[in-house]
Structures are given as C-alpha cells and as structure tokens.
Amino acid sequence: MKEQVTPLWEPTSARVAAAAISRFAEQAERTYGVSLPDYASLHRWSVESPEAFWSEVWDFCGVVASVKGNAVVTDAHKMPGARWFTEARLNFAENLLGRRDQGVALVGLLEDGTRREISFEALYCQVAQLAAAMRETGVKAGDRVAGFMPNVPETVVAMLAATSLGAVWTSCSPDFGFQGVMDRFGQAEPKVLFTTDGYWYNHKPHGVLDRVEALMTSLPCIERVVVVPLLESQPNIETLRDGRLLGDYLLPYRGITRSEEHTFELQSPDHL
C-alpha cells in the first residue's frame, strides 16, 4: 500500500499565478496555441517540442544578442553532439551585465568580518575598466585567463571582463596544492593570471604568493600576473615575473565610467 505523503508547504494560488514559470506558460500558450495548465503539461511540451520550447525560453528571458537566427537545435538526437542556436551571436557577460542601476549586485564577506557591496552600475564600470586593461595586455577572443582566487568580488569582475572579450575563463581555489593547480592551468595555458596574495581559512590568513611564483616558473605562457591585495594592502610582489597589483594595473583606465559603453565581443553560444 502506497504511503500517503503530505506536503510540508504549498504555494497559494495567487503565488502560483504570479510566478515567472506561470507567466512563461501563458506566453507559450498564446504563441503556439497549446494548453499548458500545469507543470506536468509544460514539462511534456518541452520534451515533445524542444525547438518551440527553447525558442520561447530565449524570447521570454530576453536574451541579448545581435542575432537569434532561425536554427534552434541541430542534431538534437545526439548526446553529446547537439548544437543550440548555431546562427546566434551573443556575449555571456553582456547578458549578465544588463542591469546598471544602484541595486546590489555583489556582496563580499570575508572571515575577518570585512563586508563589501557592489552595485550593478559599479560592477559594469569595474568590468569595463579591467577589460580595457586586459585588452591592452593583448587578451583577445579565444585566449585563456586564469583565476587563482577565493570567492571575492574581484573574481567575478575578472571572469566577466575576460568573458566580455571572448576569452575563456578558468579558475581554482587558492587552497589547491601546487600540482592540482598545474593540472588545471597547465592544460589551459593562460595568458593572464589573477591571484590574491592569500586567503582566510578557519579565521587564519594563508599566503599563496610562493605558489604563484612557482606557477610563473612552470607556466611561461603567462604574460601578466595581477595580484589582488587581500591579506595585506601592499603585498610584496617583486619576485613575480610581470607582476602588477590590481590598482596599478587599472590605473590608466579609472576614467572609464558607465557613460562609456564597453564593447562586448560576440560569439556563438558554444564558444569555449
């Protein structure tokens, strides 16, 4: 005998009606003349009509692109091998940076209690500034940029800046051992490396610049290492080949503001 299960919580009808997935289903019903009264029917439609479903997802979510194209999925029966929106050209970072107001985009909180909030407007400006510096370094579409970084706002900024240029972002936590970092970055062969001078763990500071120095020796592909001060305001980076502190790296580009539109490199959706 099947045991009766009582849900711990159910949304009210008003909350269901106001949900984004309900609005999406209503839009799909109007567009395609289908009946999608509940989640099960919506899921069934997504499986039976994947091209219509994902095209509607694109439109409903307002994907920013220079062109969407007519092709939704090619070789849909292949897994792996299916390719989506092959005619489209867009930039992942541009879609994430659509908001440029004073709302809070990022909150950074360290173990030592340091808390920072970054608005959507400030995030866009920081990405534009860092991307300009990286472009001057020679970073272009297809290049790799690595982050040996903890979960701090600068990690997100560096990822968005690299992605906005069409570069490939790869990262690992600074608590990785040397060989673990080499296994990842050695395959990617990054042109630029972002790192902090260390990280906090269990309320204790741990420096990483000795490991960064060893990485620079083992990875001659790195043309620039950018150090984000975290443990110290002015960490000593004299031993790092082509090393710059983040503030110095950005200094020539501090004048870039929201009013100056940053150029996003458009790529196909499957751009690596």
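Refer to the structure presented above.
Throughout what follows, the structure given in this document is the object of discussion. (Residues numbered from 1 in each chain as written. Predicted model: local features only at pLDDT ≥ 70, side-chain atom pairs only at ≥ 80, totals over all residues. Heavy atoms only, no water.)

### Focus on the overall build of the chain
1) Next: A count of helical and extended segments in the chain gives ten helices and 13 strands.
2) Next: Referenced to the eigenvectors of the C-alpha coordinate spread, the extents of the chain come out at roughly 65 × 45 × 40 Å.
3) Next: The burial tally for the chain puts 39% of its 272 residues in the buried class.
4) Next: Contacts in the chain between residues far apart in sequence, at least 24 positions, make up 63% of those at least 6 positions apart.
5) Next: Of the accessible surface of the chain, which amounts to about 15,600 Å², a share of 52% is contributed by carbon and sulfur atoms.
6) Next: Taking the average location of the 25 positive side-chain charges in the chain and that of its 35 negative ones, the two points are 2 Å from each other. (Helix = DSSP H or I, 4+ residues; strand = E, 2+ residues; numbered from the N terminus. Buried < 20%, exposed > 50% of the residue type's maximum accessible area, 1.4 Å probe, protein only. Contact = heavy atoms within 4.5 Å. Areas by Shrake-Rupley, 256 points an atom, 1.4 Å probe, with all protein chains shown as cover. Lys, Arg positive; Asp, Glu negative; His and termini not counted. Charge placed at Lys NZ, Arg CZ, Asp CG, Glu CD.)

### A closer look at the side chain of Glu-56
1) Next: Following the sequence through the fold, Glu-56 ends up in helix α4 (residues 50-61).
2) Next: For the buried Glu-56, no salt bridge exists, and the shortest N-O distance to an oppositely charged side chain is 6.7 Å, to Lys-68. (Salt bridge = Lys/Arg side-chain N within 4 Å of Asp/Glu carboxyl O.)

### Section: the pairing of strand β12 (residues 224-228)
1) Next: In terms of burial, β12 is largely enclosed, as five of its five residues are buried.
2) Next: Alternating positions in β12 separate into two faces, Arg-224, Val-226 and Val-228 on one and Val-225 and Val-227 on the other, with burial throughout.
3) Next: Bridge count for strand β9 (residues 192-196) against β12 is five bridges, and the pairing is parallel. When the bridges of β12 are listed, Val-192 appears paired with Arg-224.
4) Next: Note that β12 and strand β13 (residues 243-245) share three bridges and pair parallel. Within the sheet, the bridge partner assigned to Val-226 lies in β13 and is Arg-244. (Pairing = 2+ DSSP bridges.)

### Some details on the packing of helix α2 (residues 20-32) against α4
1) Next: Two elements in contact, α2 and α4, have axes separated by 10 Å at closest approach and are oriented at 120 degrees. Classified by the angle their axes make, α2 and α4 are oblique. You can see that α2 and α4 cross each other, and the crossing is right-handed. Within the contact between the two elements, α2 uses Ala-20, Arg-23, Phe-24, Gln-27, Ala-28, Thr-31 and Tyr-32 and α4 uses Ala-52, Phe-53, Ser-55, Glu-56, Val-57, Asp-59 and Phe-60.
2) Next: Looking at the contact of α2 with α4 residue by residue, the class counts come to eight nonpolar, three polar and three charged. (Axes fitted to C-alpha atoms, helices over the stretch in contact; angles between N-to-C directions. Parallel < 35°, antiparallel > 145°, perpendicular 65-115°, else oblique. Left-handed = near helix turned anticlockwise from the far one by under 90°. Nonpolar A, V, L, I, M, F, W, Y, C, P; charged D, E, K, R; others polar.)

### A closer look at the pairing of strand β7 (residues 144-148)
1) Next: Of all five residues in β7, four are buried; the element is thus mostly enclosed.
2) Next: Looking at chain direction, β7 and strand β8 (residues 168-172) are connected through five bridges and run parallel. By the bridge assignment for β8, Val-145 is matched with Trp-169.
3) Next: Note that the unit made of β7, helix α7 (residues 153-164) and β8 has a crossover that is right-handed.
4) Next: Taken together, the four bridges between β7 and β9 define a ladder with parallel strand orientation. Counted as the bridge partner of Ala-146 is Leu-193 from β9. (Right-handed = clockwise from strand over helix to strand, strands pointing away.)

### Some words on the pattern of salt bridges
1) Next: What the rule picks out here adds up to nine salt bridges.
2) Next: With a closest N to O distance of 3.9 Å, Asp-75 and Lys-78 form a salt bridge.
3) Next: Asp-143 is paired through a salt bridge with Lys-191; the nearest N and O atoms lie 3.0 Å apart. Of the two residues, Asp-143 is situated in the loop between α6 (120-137) and β7 and Lys-191 in the loop between α8 (178-188) and β9; the sequence distance between them amounts to 48 residues. Across the pair, Lys-191 and Asp-143 agree in class, each one buried.
4) Next: One salt-bridge network, in which partners are shared between bridges, spans Lys-140, Asp-143 and Lys-191.

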